[in-house]
Amino acid sequence: MSGGPRGVRAARVAAATVLSGELALTVCLVAGFRPPGWALAGAEALVLVVLLLEAWVLRSLYAAARARGADRRAAWRAAVREAVPVTVRRLVINELRALASLGRWVRRGTHGVRPGDLAAAYTGPQTAMMYGLLFVLAIETVGLAFLIPWPVVHGVLLVLDLYGVVLVLALHAACVTRPHVVRPDGSLRIRYGALFDLAVPPDAVASVRVDRRSPEGRLITLSEDGVLDLIVGSHTSVTLELNRPLPFTRPLGATEEAHTIRFHADDPRTLVSALRQPA
């Protein structure tokens, strides 16, 4: 196999397959189901093989781009775009941004908030749930350290559990350090951690109001008539009507449009007042 079209297709299929397996494994672990040790060891071995394949294909594509005259940065970007599926790239980027938020959280900093902006927190409904999940994961990690006698299985599960603890903490840190932002000109930035980021220009806002709801569904739910619900802990508290549809990007890269956005803010009245009275 070469680094040509067949090699690229193999790398993309392998990356997508392993991603699905890793997601399924993560769901099992969070749900409390512990797969047998041989399954975990096999999964980690498969990940290693795929990483080696990706590295080999990326190097071949990089060399080809350099031979065509591209500089180093452009060559690496072209190689990554060709070999790695967009969903995998988005997941990796979202995860790295969440992990970077841990340091910002420790420093009590915020991302994308400038002097004069109103930062609107939205983590209230999910904070207790996040800390409860962290407690459960920590207890499981300590318990498994005493219960599992096989060193290899123990090591693999310990790494997975510790990473699960760090990732949950990072997801919450990203939400804390990436609040909604109302700028002095009346523009609005609606966010959910590193997973969702939508800029709403002031001339797109038809109306905004406090509107407390408890919708059912996933984090990002789009109805057939173009109503977007960005749900935090089963809550939304602000309804934003637009005078034209705005495109938004889902966490895995799909782009859709919404003409009404319902989202949560811990202090919705202050956010609504700021939007209604731009400087």
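Criteria and cut-off values
- Residues numbered from 1 in each chain as written.
- Predicted model: local features only at pLDDT ≥ 70, side-chain atom pairs only at ≥ 80, totals over all residues.
- Heavy atoms only, no water.
- Helix = DSSP H or I, 4+ residues; strand = E, 2+ residues; numbered from the N terminus.
- Buried < 20%, exposed > 50% of the residue type's maximum accessible area, 1.4 Å probe, protein only.
- Contact = heavy atoms within 4.5 Å.
- Areas by Shrake-Rupley, 256 points an atom, 1.4 Å probe, with all protein chains shown as cover.
- Pairing = 2+ DSSP bridges.
- Axes fitted to C-alpha atoms, helices over the stretch in contact; angles between N-to-C directions.
- Salt bridge = Lys/Arg side-chain N within 4 Å of Asp/Glu carboxyl O.
- Core = buried A, V, L, I, M, F, W, Y, C linked by side-chain atoms within 4.5 Å.

1. Observations regarding the overall build of the protein chain
Phase 1: Looking only at helices and strands, the protein chain features 7 helices and 9 strands.
Phase 2: Looking at the 279 residues of the protein chain, the share that counts as buried comes to 38%.
Phase 3: Of the contacts formed within the protein chain by residues at least 6 apart in sequence, a portion of 70% connects residues at least 24 apart.
Phase 4: Here the protein chain displays about 15300 Å² of accessible surface, and carbon together with sulfur accounts for 63% of that area.

2. Observations regarding the sheet that holds strand β7 (residues 227-230)
Phase 1: Taken together, 5 strands build an open sheet; the order of strands is β5-β8-β9-β7-β6 and the sheet is mixed. Since the sheet does not close on itself, it has two edges, and those belong to β5 (205-213) and β6 (220-222), each with one partner. For this sheet, the mean inter-axis angle between neighbouring strands, taken without regard to orientation, is 35 degrees.
Phase 2: Pairing between β6 and β7: 3 bridges, direction antiparallel. Across the sheet, residue Thr221 finds its bridge partner in β7, namely Asp229.
Phase 3: Packing against the sheet, helix α7 (residues 268-276) makes contact with β5, β8 (236-249) and β9 (255-263), and its axis sits at approximately 175 degrees to β5.

3. With respect to the pairing of strand β4 (residues 196-200)
Phase 1: Where burial is concerned, the two faces of β4 differ: the one with Phe196, Leu198 and Val200 is buried and the one with Asp197 and Ala199 is not.
Phase 2: In this sheet, β4 lies alongside strand β3 (residues 188-192) in antiparallel orientation, the contact comprising 5 bridges. Bridge pairing links Tyr192 to Phe196 in β4.
Phase 3: What sits between the antiparallel neighbours β3 and β4 is a turn of 3 residues, in which Gly193 has the positive phi angle 55 degrees.

4. Observations regarding the pattern of salt bridges
Phase 1: A complete count under the given rule lists 8 salt bridges for this structure.
Phase 2: Here Arg209 makes a salt bridge to Asp211, at a shortest N to O gap of 3.9 Å.
Phase 3: A salt bridge links Arg262 to Asp229, with the nearest nitrogen and oxygen atoms 2.8 Å apart. Of this pair, Arg262 sits in strand β9 while Asp229 sits in strand β7; the two residues are 33 residues apart in sequence, bridging distant segments of the chain.
Phase 4: Residue class for Arg262 comes out buried when judged on its relative accessible area of 17%.
Phase 5: On the accessibility criterion, Asp229 (8% relative accessible area) is buried.

5. Remarks on the side chain of Asp211
Phase 1: Relative to the elements of secondary structure, Asp211 occurs in strand β5.
Phase 2: Once residues within four sequence positions are removed from consideration, Asp211 is found in contact with Thr236, Ser237, Val238, Thr239 and Arg262.

6. Here's the deal with the nonpolar core
Phase 1: Within the largest apolar cluster, 32 residues are counted, with the highest numbers of intra-cluster contacts made by Ile190, Phe196, Val200, Leu240, Ile261 and Phe263.
Phase 2: Sorting the residues of this core by element identifies α5 (124-147), α6 (151-177), β3, β4, β7, β8, β9 and α7 as the ones contributing at least two each.
Phase 3: Not counting residues up to four positions away in its chain, the partners in contact with Ile261 are Ile190, Leu198, Val200, Leu228, Val238, Thr239, Leu240 and Leu242.
Phase 4: Within the second largest apolar cluster, 5 residues are counted, among which are Ala98, Leu102, Ala170 and Ala173.

7. Section: the sheet that holds strand β2 (residues 180-182)
Phase 1: A sheet is described by the order of its strands in space; here 4 strands give the open sequence β1-β2-β3-β4, paired in antiparallel fashion. This sheet does not close on itself; its edge strands, each paired only once, are β1 (118-120) and β4. For this sheet the average axis-to-axis angle between neighbouring strands, irrespective of direction, equals 15 degrees.
Phase 2: Both β2 and β3 contribute to a ladder of 2 bridges, which runs antiparallel. Among the inter-strand pairings, Val181 is bridged to a residue of β3, identified as Arg189.

8. Re the pairing of β9
Phase 1: Two strands pair when backbone bridges link them, and β7 and β9 are joined in this way by 4 bridges, in the parallel orientation. Bridge pairing links Val227 to Thr260 in β9.
Phase 2: Bridge count for β8 against β9 is 8 bridges, and the pairing is antiparallel. Paired with Phe248 across the bridge in β9 is Glu256.
Phase 3: Counted between consecutive antiparallel strands, the loop separating β8 from β9 contains 5 residues, among which Gly253 sits at a positive phi close to 105 degrees.

9. Section: the environment of Gly124
Phase 1: Structurally, Gly124 is set in helix α5.
Phase 2: For Gly124, a relative accessible area of 43% gives the class partly exposed.
Phase 3: For the pair formed by Gly124 and Val232, sequence separation is 108 residues and the distance between their alpha carbons is 8.5 Å.

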